[in-house]
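# Coordinates in review
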Amino acid sequence: MILYLLRTVFNMFYRRYRQSVSNMDRASGNWYQGYPSAQCVTIMDVQSKSNKKSVLQAVPAPERAANGKKKRKKTTKFRKSVDNTHSSTLVPLERNLSSLSDSNLLQKSTKTKHNKLQVQALLSPDRINELAATPIRHQMLPLDKTEAKKKLPLLVAIKPVNEKSEHERFMRANFNYNPFFSYRGYAEDIDKFKEPSDKYIHQAVLIMEKAIEHFGCYEAFEEETGGKILSKSQIYALVKKYLSNEELEEEIIVNLRDDILSRGSMTRAKGKAVLNVRCVNLRENWAEGLLRHEIGTHYLRSCNTRYQPWQSNRVRRELAMGPINPTEEGLASLHSVLMRDTPYLWRAALLYYTTYMAAKLSFKELFHHLGQYVHNPEVRWDYCLRAKRGQVDTSRPGSFCKDQVYLEGALQLLKRRRVLDFHLLVRLGKVSWEDVDREAVVEIAQLDKTRIPWFMDDLTAYRFNLDWIAKTNGLTDAVLSSVD
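Residues numbered from 1 in each chain as written. Predicted model: local features only at pLDDT ≥ 70, side-chain atom pairs only at ≥ 80, totals over all residues. Heavy atoms only, no water.

## A closer look at the packing of aromatic side chains
Centre-to-centre distance and the angle between the planes together describe a pair of aromatic rings. Keep this limit in mind: For this analysis, a ring pair means two rings from Phe, Tyr or Trp (six-membered ring only for Trp) whose centres lie within 6.5 Å, classed as stacked if their planes differ by under 30 degrees, edge-to-face if by over 60, and tilted for the remaining angles. Only DSSP runs of H or I reaching four residues or more are called helices, and only runs of E reaching two or more are called strands; each is numbered from the N terminus. In this scheme, a residue with accessible area under 20% of its type's maximum is buried, one over 50% is exposed, and one in between is partly exposed, where area comes from a 1.4 Å probe on protein chains only. Placement of a positive charge over a ring is assigned whenever Lys NZ or Arg CZ falls within 6 Å of the ring centre and within 35 degrees of the normal to the ring plane.
For the structure shown, the criterion picks out 19 aromatic pairs. Ring centres 5.4 Å apart and planes at 50 degrees place the aromatic pair tyrosine 218 and tryptophan 346 in the tilted group. In this pair, tyrosine 218 is assigned in helix H10 (residues 218-226) and tryptophan 346 in helix H15 (residues 346-358), connecting sequence segments 128 residues apart. You'll find tyrosine 218 and tryptophan 346 in the same group, each marked buried. Ring-pair connections join several aromatic residues into one group, and the members of that group are Phe170, Phe175, Phe181, Phe363, Phe367 and Trp381. Above the ring of phenylalanine 367, the side-chain terminus of arginine 380 is found at 4.3 Å from the ring centroid. In this arrangement the basic side chain of arginine 416 is found over the ring face of tryptophan 433, its NZ or CZ atom lying 3.7 Å from the centre.

## As for the packing of helix H12 (residues 284-305) against helix H14 (residues 327-336)
Basically, it comes down to this: Fitting a line to C-alpha atoms yields each axis, with helices limited to the stretch in contact; the angle taken between N-to-C directions then spans 0 to 180 degrees. For any pair of crossing helices, the crossing counts as left-handed if the nearer helix is rotated counterclockwise from the farther one by less than a right angle, and right-handed if it is rotated clockwise. When checking whether two residues touch, look at their non-hydrogen atoms; a contact exists if any pair is within 4.5 Å. Note on residue classes: Ala, Val, Leu, Ile, Met, Phe, Trp, Tyr, Cys and Pro are nonpolar, Asp, Glu, Lys and Arg are charged, and everything else, Gly too, is polar.
Packing of H12 against H14 leaves a shortest axis separation of 8 Å and a crossing angle of 145 degrees. The hand of the H12/H14 crossing is right-handed. Note on element contacts: H14 touches H12 through Glu328, Glu329, Leu331, Ala332, Ser333, His335 and Ser336, opposite Gly289, Arg292, His293, Thr297, His298 and Arg301. Residues that form the contact of H12 with H14 fall into these classes: two nonpolar, seven polar and four charged.

## A word on a nonpolar patch on the surface
Which entries qualify depends on this criterion: Patches in this entry comprise residues that are over 30% relatively accessible and not in a salt bridge; like charges within 9 Å are linked, as are nonpolar side chains (Val, Leu, Ile, Met, Phe, Trp, Tyr) within 5 Å. Throughout, the Shrake-Rupley method with a 1.4 Å probe supplies accessible areas, and for residues the shown protein chains are the sole cover considered. Salt bridges are defined by distance alone: a side-chain nitrogen of Lys or Arg within 4 Å of a carboxyl oxygen of Asp or Glu.
Taken together, the side chains of Ile2, Leu3 and Leu6 make up a nonpolar region of the molecular surface, amounting to roughly 360 Å² of accessible area. Among the structural elements, leucine 6 can be located in helix H1 (residues 2-27). Using a relative accessible area of 54% as the deciding quantity, one classes leucine 6 as exposed.

## As for the environment of phenylalanine 180
By the secondary structure assignment, phenylalanine 180 is in the loop between helix H8 (163-172) and strand E4 (185-186). Classification of phenylalanine 180 by relative accessible area gives buried; the value is 6%.

## Some points on the sheet that holds strand E6 (residues 264-269)
Pairing between the strands of a sheet is mediated by backbone hydrogen bonds and can be parallel or antiparallel. Our working rule: We call two strands paired when DSSP finds no fewer than two bridges between them.
Across the sheet, which stays open at both edges, the three strands sit in the order E5-E7-E6 with mixed pairing between neighbours. With one partner strand each, in any of the chains shown, strand E5 (252-257) and E6 form the two edges of the open sheet. Shown here is a sheet whose adjacent strand axes are inclined to one another by a mean of 30 degrees, direction ignored. As paired strands, E5 and strand E7 (residues 272-278) are joined by six bridges and run parallel to one another. Its bridge partner being in E7, arginine 257 is matched across the sheet by arginine 278.

## Description of the packing of helix H11 (residues 232-245) against H12
Counted only if it meets this: If an angle is under 35 degrees, it is roughly parallel; if it is over 145, roughly antiparallel; if it lies from 65 to 115, roughly perpendicular; otherwise it is oblique.
For the pair H11 and H12, interaxial distance at closest approach is 11 Å and the crossing angle is 40 degrees. Considering the angle they form, H11 stands oblique to H12. Considering only the axes of H11 and H12, their crossing is right-handed. Facing H11, whose interface residues are Leu238, Val239, Tyr242 and Leu243, H12 presents Glu284, Ala287, Glu288, Leu291, Arg292, Ile295 and Gly296. By residue class, the composition of the contact of H11 with H12 is seven nonpolar, one polar and three charged.

This is the structure we're talking about:
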C-alpha cells in the first residue's frame, strides 16, 4: 500500500515536470522541434484593395496531429499568440515620396560601391524639383474659404503653426518653394492690413542705400551695430539690470523664448506684464534697444494711459482722438536706435519695403528679390515670413502690412522733432502726436503719477540724438517735407 502511494506521488510530480519543460521549450521558440513537418508562419499575403488600406493576412501552418484535447487546445492558443506577435511587428510597405528626410538614404548610399553616383542622384535637379513641388496634402486645401476655427488675437492668429517644417522644406528646396502655412485660429481685423502703402517707399529705399553705402552689406551692418551675440543668461542679466534702473523689477515678468516672430513683445498674463524676448542671435546693442522699445516706450506709455480719462474707448470717441499707431511704433523705433553711434533705421525701412513688395510677389520671388539688400538666407526668411504671415498659399501675391507703421511713425516724429513736446507725448499715454497740442485733451489729463524713461530725462540731449538719427539716415528737411 505504501509503495503504491509513493509510486502515485512520483508519477504526478514527474508529469508536472515534463509539462513545465514542454512549456519552457514553447516559450523559447523551440516548441516545434522534433516535428519536421511543422512550420511557423511561412507566407505573408499582401492584398491591396481600391480606396482601402493594405490588408496583411497571415497564413498559418498546418495543424499538428492531435495528441489529446487538452494539449491541442494549449497548442492552438499558443499559436495564436505567436501569430499576433508576428503581425504586430510588421512595418508599412509603402514610402511617402514627398518626404524630405533623405538623411537615412544618404547614409546608406555612402556605404555602397557606387556612393558618388547615388549622392548625385539625390541632389540632382529632378530631386530639387520634387522637393519644391506642392505636397499632395496642400493641393487639396480650400484656399478660397476660411476653415471654421477659434477666434484669436491678431498677432496670435497669424502665427503659422507649421513654420518649422515649412522653413526646413524651403531651405532643402534651394529657396525655390512657396510655403503653405496653417493656423490655429482667425482674427476678424486682419483685412485692414492687406493693402500696403507706397507713400514712403522713396524714404525706405534711401535709408537702406545709405546703410549699404556705409557698411557694404547687411552682415557688416549687423556685426558693427549689433555687438556680440548674448547667451540666455547674459540676456536675462541685462534685462534685470534695465528693470532695476527703471524700478520695475516687481512689475514685469521676463520670458525668454526661441519661437516668437518678433524680437520682443509686451503681453499680460494673470494680470501682470510679461516681457517676451526672442533670444536667438540677439546681440548686445540690439538688446538694449529692444528694452528701450518694449519697456521704455510701450510699457510706460501703457501705464500712463491708466491714469487718463481716454483709457475708455467711449471717451476717445467723444474727444475724436486719433489712432495710437503709427505714433506708438514710430516712437519705439526711434528709441531702439537712440543711443547708437550709427543709428540707421534699417529694420524699419526694410520692413516697410518688404511688406510693399510682398503684395506684388510670391514668397520665393520676394525672398530672391531681397537678396540685393540681405545675403543671409535665415534673415531673409524672417523678413519674408513677417510680410507673408496670415496667408495659406504664399505662391499668391499678398501682404500683412502692419509692419509699415514703424517707418511711417518714425518719419512723422522726426519731421516735428524740434517742436513736439516729447515728455508730454509719453506722459499722456497711448495717444497720437496730433493730440498732444489739443486743449481738449491736455486740460483733462492727469499727469501727477505718470513716468518717463530715464533716457528722456535730459530733453536737450534727447533732441540732439533725434537730430543725429535724421542726419545719419539722410532725412533732411527737404526729404521730410513730403511726410504727413
